[in-house]
Amino acid sequence: MTVDNRTRTLPPPVRWRQPCGPTAVESAFVSCRRLMAAYVFLLPVQLGASATLRIAVSDLFVFAYLVRRGSRLRRVPAAWSPWAYALVVVVWTGVLVALAHTGAMSQTTFLAKAVGLLVLLGSFAAVVDVAVDWATLRTLLRAFLLGVLANVALAVFAYTVLRTTGVKLPLLNAPYEDSRLTGLLIDPNAFGGIIATALVLHLVTSCGGAPLLSRGWARFADLALPVGLLLTFSRSAWIGAFLGALFVGVAAPRVLARMAARVGPPAVAGVLLASFWLPSFSSLVSRPGQVTARVSIADDALRDFIVNPVLGTGLGVFSSRHGVIVHNSTLWFLTELGLVGLVVFVGFLLAYAAKGWRTVHEVSGPPRALALALFAGIGVGLGVSVGIEALYQRYWWLMFAGTAAAHGLARQEKS
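Residues numbered from 1 in each chain as written. Predicted model: local features only at pLDDT ≥ 70, side-chain atom pairs only at ≥ 80, totals over all residues. Heavy atoms only, no water.

A. Examining the pattern of salt bridges more closely. In total, this model carries eight salt bridges according to the counting rule given. Taking the shortest distance from any N to any O, the salt bridge between Arg-394 and Asp-59 comes out at 2.8 Å. Here Arg-394, found in helix H15 (residues 394-414), pairs with Asp-59, found in helix H2 (residues 59-69); they are 335 residues apart in sequence, far enough to count as distant. Overlapping salt bridges, with partners in common, bring together Arg-219, Asp-222 and Arg-262 in one network. (Salt bridge = Lys/Arg side-chain N within 4 Å of Asp/Glu carboxyl O. Helix = DSSP H or I, 4+ residues; strand = E, 2+ residues; numbered from the N terminus.)

Encoded structure:
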């Protein structure tokens, strides 16, 4: 029997469905990554809820991220340290000690310090979770740098307008509009610290072969960030920038040399220009009355510590007794949380500095520049902590979280 091929009916060809875009899982991750990029971009923005309590707009994006991710947060053991959990224990123990000593605690202290630490740990977990690769970590740091750069540009513009025309722009540089830059952070020390962190990130990555900004924006940052840092007149931030550079010098001396050659001339020119342009330049730098006040605060803090050396006076007790905060992170821990709190604070810092140091020496190429920048960022925060209670500065926690994420990525590549 023969088959007539001319009349045979063939089935239609199979048409495989081709994806026309990212999968639902990929789209969800991109959305989450955008939430964290918005978080770091808005870190330089705070709203004053009261004279002592400030609200960080960026926290809303962390909250949204954590709600969206829920139980799917990645578990990255290499990123975490027991000292982070111990930090929560000693701070909440400080709440109990304060209640035992005074029978009360201000709502501001409870929200800003006890609850605030949990918020910071949430941001830490979110950064570690979203940084699944070096490219994502780089994107976060770039968004942070752009956010700081935008705020510095606005702050310097407002400062210049006020100085030349007498017109005061709303919100910017409050409450020191005619003397010190505060941007939208209200506190010049906090603003100086975040600028110093951004400056170190920018210089280390640019001089280390992994620039976060394009050439034009990088040149603008070379000028704007040092000028902004200078005009905050924050000696704590200046110490932070110096210590961050010192961290770079210890880990990578050649990168430090390139940084000095790149930013040295504009920095010197900025100091000379400001000294001629601002009649109050020397008094803003020296502020001898403030130095005397800080010495008096330190003396009171040590006296309180001697009375309660083990667990301290309790969270917020010093400020309620003396009407002022300690203005030094180490001394604050020693006074309000005692020797136990100080050990935990130092252990936490050493743990993440060690993670940063190991990561710098375990990776190469562009990842090494990112790891070195984050390691230096921890040094900046440590320097800032000399003059303020810096533990609650969100940019410092970004450096901790970025270092932790980088350490986890390095371990993942080795395994």
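B. Representation of the environment of Val-204 within the structure. Within the element layout of this structure, Val-204 appears in helix H6 (residues 188-207). You can call Val-204 buried: its relative accessible area is 0%. With 111 residues separating them in the primary sequence, Val-204 and Thr-93 have C-alpha atoms 39 Å apart. Beyond its immediate sequence surroundings of up to four residues, Val-204 is in contact with Val-248, Val-255, Met-259, Ala-369, Leu-372 and Ala-373. (Buried < 20%, exposed > 50% of the residue type's maximum accessible area, 1.4 Å probe, protein only. Contact = heavy atoms within 4.5 Å.)

C. Inspection of a nonpolar patch on the surface at higher detail. A surface patch of nonpolar side chains, about 420 Å² in accessible area, is lined by Phe-242, Leu-246, Val-250 and Trp-357. Among the elements that line the nonpolar patch, the one with the most residues is helix H8 (residues 235-251), at three residues. With respect to the helices, strands and loops of the structure, Val-250 is situated in helix H8. Classification of Val-250 by relative accessible area gives exposed; the value is 54%. (Patch = residues over 30% accessible without salt bridge, like charges linked within 9 Å, V, L, I, M, F, W, Y side chains within 5 Å. Areas by Shrake-Rupley, 256 points an atom, 1.4 Å probe, with all protein chains shown as cover.)

D. Expanded view of unusual backbone geometry. The omega angle of the peptide bond from Ala-174 to Pro-175 is 0°, so this bond is cis rather than trans. Structurally, Pro-175 can be placed in the loop between helix H5 (134-165) and H6. Residues other than glycine seldom take positive phi values, yet Leu-171 does so here, at roughly 75°. Within the element layout of this structure, Leu-171 appears in the loop between H5 and H6. For Leu-171, a relative accessible area of 66% puts it in the exposed group. Backbone geometry at Asn-173 places phi at a positive 65°, although glycine is not the residue there.

E. Region of interest: the layout of surface pockets. Taken as a whole, the second largest pocket holds about 470 Å³ of empty space. Forming the walls of the second largest pocket are 19 residues, and the residues nearest its centre are Leu-199, Leu-229, Ala-241, Val-263 and Ala-267. Secondary-structure elements contributing two or more residues to the lining of the second largest pocket are H6, helix H7 (215-231), H8 and helix H9 (253-277). The dominant element in the lining of the second largest pocket, judged by the number of residues it contributes, is H9, at eight residues. Class assignment for the residues of the lining of the second largest pocket results in 18 nonpolar, one polar and no charged. (1 Å grid on protein atoms, 1.4 Å probe; cavity = no way out; pocket = protein on both sides within 12 Å on 5 of 7 lines; lining within 4 Å. Points joined across faces, edges and corners; volume = space filled by probe spheres on them. Nonpolar A, V, L, I, M, F, W, Y, C, P; charged D, E, K, R; others polar.)

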